[in-house]
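Geometric and topological summary
Chain by chain, the residues:
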Amino acid sequence: QPPDSQMEDTSLLGRENCRSKGGAPGFKVAILGASGGIGQPLALLMKMNPLVSVLHLYDVVNTPGVTADISHMDTGAVVRGFLGQPQLESALTGMDLVIIPAGVPRKPGMTRDDLFKINAGIVRTLCEGIAKCCPNAIVNLISNPVNSTVPIAAEVFKQAGTYDPKRLLGVTTLDVVRANTFVAEVLGIDPREVNVPVVGGHAGVTILPLLSQVNPPCSFTTEEIRYLTDRIQNGGTEVVEAKAGAGSATLSMAYAAAKFADACLHGLRGDAGIVECSFVASQVTELPFFATKVRLGRRGVEEIFPLGPLNEFERAGLEKAKKELAGSIHKGVCFIKK
Ligand code: NAD
Ligand code: LMR
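Residues numbered from 1 in each chain as written. Chains lettered and ligands numbered in written order. Predicted model: local features only at pLDDT ≥ 70, side-chain atom pairs only at ≥ 80, totals over all residues.

**Here's the deal with the environment of Val-79**
What counts, and what does not: Here a helix means four or more residues in a row that DSSP labels H or I, a strand means two or more in a row labelled E, and each is numbered from the N terminus.
Turning to its location among the elements, Val-79 is positioned in strand E3 (residues 78–83). Remark: the alpha-carbon pair of Val-79 and Leu-325, spanning 246 residues in sequence, is separated by 38 Å.

Written out as structure tokens, the structure is:
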């Protein structure tokens, strides 16, 4: 019978230390919401990451099965499962990186903000656990609405006295992944050769692709700019509608989350030049949080890059994005302060 909690089977065999001592220094990573549509493929991808030595899978349902399954992969990380609130603290203790895809996804017709009611409370509880058990961990927050859940997490950490803005990162990588894909399609080139900065936040008009700053440098017609901006801003809705009630992006999101987590781990390891877009505490605009390119390092966000030169279309988009973002950030802060 598979163990139904903490999955101590590998360590009971006494070989865990040998495995982690053998290779390069590894990091301890927890996924909260590990049984979900994002959580499962993300767990698989993190189990394949050579920088991960220990992988903790926490959810309120189904972690015994997911853990048993993932733990059979012949990669380095030791996998343990944790089920339900009483095991949250064990799941979090000692973690270097905590990735949070816990919470409900959208159905057609819903906005990300419609998820606030349920997901705000889930994120609060999980962040209280982080503040208590691994206050120095880097946190990658995926649960929507990201524009509000990141401010919620910040307020929880402030109340606990553990807040370090360098270590709290909202995951907006899927917007960049989509932008790279759609731009590459238009240009007729390999998406792996494209890098599109996407700034602002992670919902509708707050998703602001900077098509004037695409690397490699290129130019677009007005029609292409309108098409690309609209497709990137509504990429999430495109998937929600295609899934027709069965949830939102999970596979591309797991890919994006694994890519971002890998960048955070390379930063933690001390690698140079690790730059990703992320929704973080920021002074780039007058808003307290904003997504831009950031440099990742041993302490998390080591440097926040400015927006760079914007064209008229992007300046107009920025104003719209800031207006909506201000409300979403305020809503998140008030949820904890009240
Ligand atoms: P899902 O319903 O398939 O999975 C969510 C998981 O969270 C479930 O396994 C559920 O049991 C678990 N969960 C619920 N309450 C929990 C709690 N208190 N503690 C731990 N786990 C809990 O949903 P999904 O498709 O995986 O999406 C998860 C979230 O990610 C949604 O809010 C979605 O909107 C968001 N999302 C964000 C992005 C992004 O770019 N940031 C992209 C896609 C989805
Ligand atoms: C996405 O961009 O795919 C996610 O934020 C999920 C959603 O609700 O669109």
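**Observations concerning the environment of Arg-167**
Stated formally: Any two residues are considered in contact once their C-beta atoms, placed from the backbone, lie within 7 Å.
By the secondary structure assignment, Arg-167 is in the loop between helix H7 (146–160) and strand E6 (168–170). In the structure, Arg-167 is positioned 42 residues away from Pro-209 in sequence and 24 Å away in space, judged by C-alpha atoms. Ignoring anything within four residues of it in the chain, the contact list for Arg-167 reads Ala-137, Ile-138, Val-139 and Gly-300.

**Section: unusual backbone geometry**
With an omega of -5°, the peptide bond running from Asn-144 to Pro-145 counts as cis. For Pro-145, the location among the structural elements is in the loop between strand E5 (138–141) and H7. Look at the link from Asn-215 to Pro-216: it is a cis peptide, with omega at 0°. In this model, Asn-62 sits at a positive phi of 65°, which is unusual for a non-glycine residue. Mapped onto the secondary structure, Asn-62 falls in the loop between strand E2 (52–59) and helix H4 (63–71).

**Comments concerning the site of ligand 1**
Note the following rule: Being near a molecule or strand means, for a residue, that its C-beta atom, positioned from the backbone, comes within 6 Å of it. Polar here means any residue outside two lists: the nonpolar Ala, Val, Leu, Ile, Met, Phe, Trp, Tyr, Cys and Pro, and the charged Asp, Glu, Lys and Arg; Gly therefore counts as polar.
In the vicinity of ligand 1 lie 33 residues, with Gly-33, Gly-36, Gly-37, Ala-102 and Asn-144 positioned nearest. For the shell around ligand 1, the element with the highest residue contribution is helix H6 (residues 116–133), accounting for four residues. Here the residues of the shell around ligand 1 are counted per class, giving 17 nonpolar, 14 polar and two charged.

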